[in-house]
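Examination of the molecular architecture
So the chains spell out like this:
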Amino acid sequence: MNTSAQTDDRTPLEVQGARLRLVAITSELARLQVEDRPAFFKALGAERESAWPPVADDEPKLAEKLEILNRAPEEAGWRGWVFLMGWTPDGLDRAVGVGGFHGPADPDGVVEIGYAMQPSFREQGLATEAVEGLVGWAFSHVEVRKVCARTLPHLTASIRVLEKTGFTFIREETDESGETVRLYERKRA
């Protein structure tokens, strides 16, 4: 995967993979995603998706990301990414998923990753490619020592993505809502 640096809020921070282009959500992209969905897809060079956002990024979460990125635009890359795949004959990409981190590294050098794919793009190896790209981007920052992930025990496809991308199962724990989750981690090599 190739990574490009972000120079300002108008120049995207991107990670390029074999099939996917991962674009970090900046404060401007977050604003467009909340306020003007057609302009959001145009800014990404993507076809408009009628079923957007994916379940993982509901409207309250999008508004929260916008608020955070307005306060701290330097956190672009640590808050959210859109997964784009070249698709249409006219050169527009398709937005096939989302992912990112719950914020910058904590004092111990740990970040937590999350991801979700549009239903019609699951089970094609795209989530694996996206997670590998995001983990590589995180580890390109010297302060990141470990990437963690939490998933529900019945989400076997998500567990398989984590295993294929080098994550190790640590333990099951109960989250703040009382639900059992599985904790995985991948340490810097």
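Scroll up to find the structure this text is about.
All chains use their own residue numbering, which begins from 1 and follows the written sequence. Residues qualify for local features only when their pLDDT is at least 70, as the model is predicted, and side-chain atom pairs are given and counted only at 80 or more; totals for whole chains, interfaces and linings, by contrast, use all residues. Neither water nor hydrogens contribute to the side-chain values; these are computed over all heavy atoms in the structure.

Things to note about the pattern of salt bridges
- Should a side-chain nitrogen of Lys or Arg be within 4 Å of a carboxyl oxygen of Asp or Glu, the pair is scored as a salt bridge. Enumeration over the complete set of coordinates arrives at 17 salt bridges.
- Between Glu-28 and Arg-31 there is a salt bridge whose closest N-O contact spans 2.7 Å. Taken as a pair, Glu-28 and Arg-31 lie in helix H1 (residues 27–35) at a separation of 3 residues, close to a single helical turn.
- Accessibility expressed as a relative area gives 30% for Glu-28, which makes it partly exposed.
- Residues Glu-49 and Arg-94 are paired through a salt bridge, measuring 2.6 Å at the closest nitrogen-oxygen approach. Placement of Glu-49 in the loop between helix H2 (37–44) and helix H3 (59–71) and of Arg-94 in strand S5 (residues 93–101) is noted, with a sequence separation of 45 residues between them. Judged on exposure class, the residue Glu-49 and its partner Arg-94 are both buried.
- Salt bridges sharing common partners tie together Glu-112, Arg-150, Arg-171 and Glu-173. Starting at the N terminus, helices and strands are each numbered in turn, a helix being any DSSP run of H or I of at least four residues and a strand any DSSP run of E of at least two. Using a 1.4 Å probe on the protein chains alone, a residue whose accessible area is under 20% of its type maximum counts as buried, one over 50% counts as exposed, and one in between counts as partly exposed.

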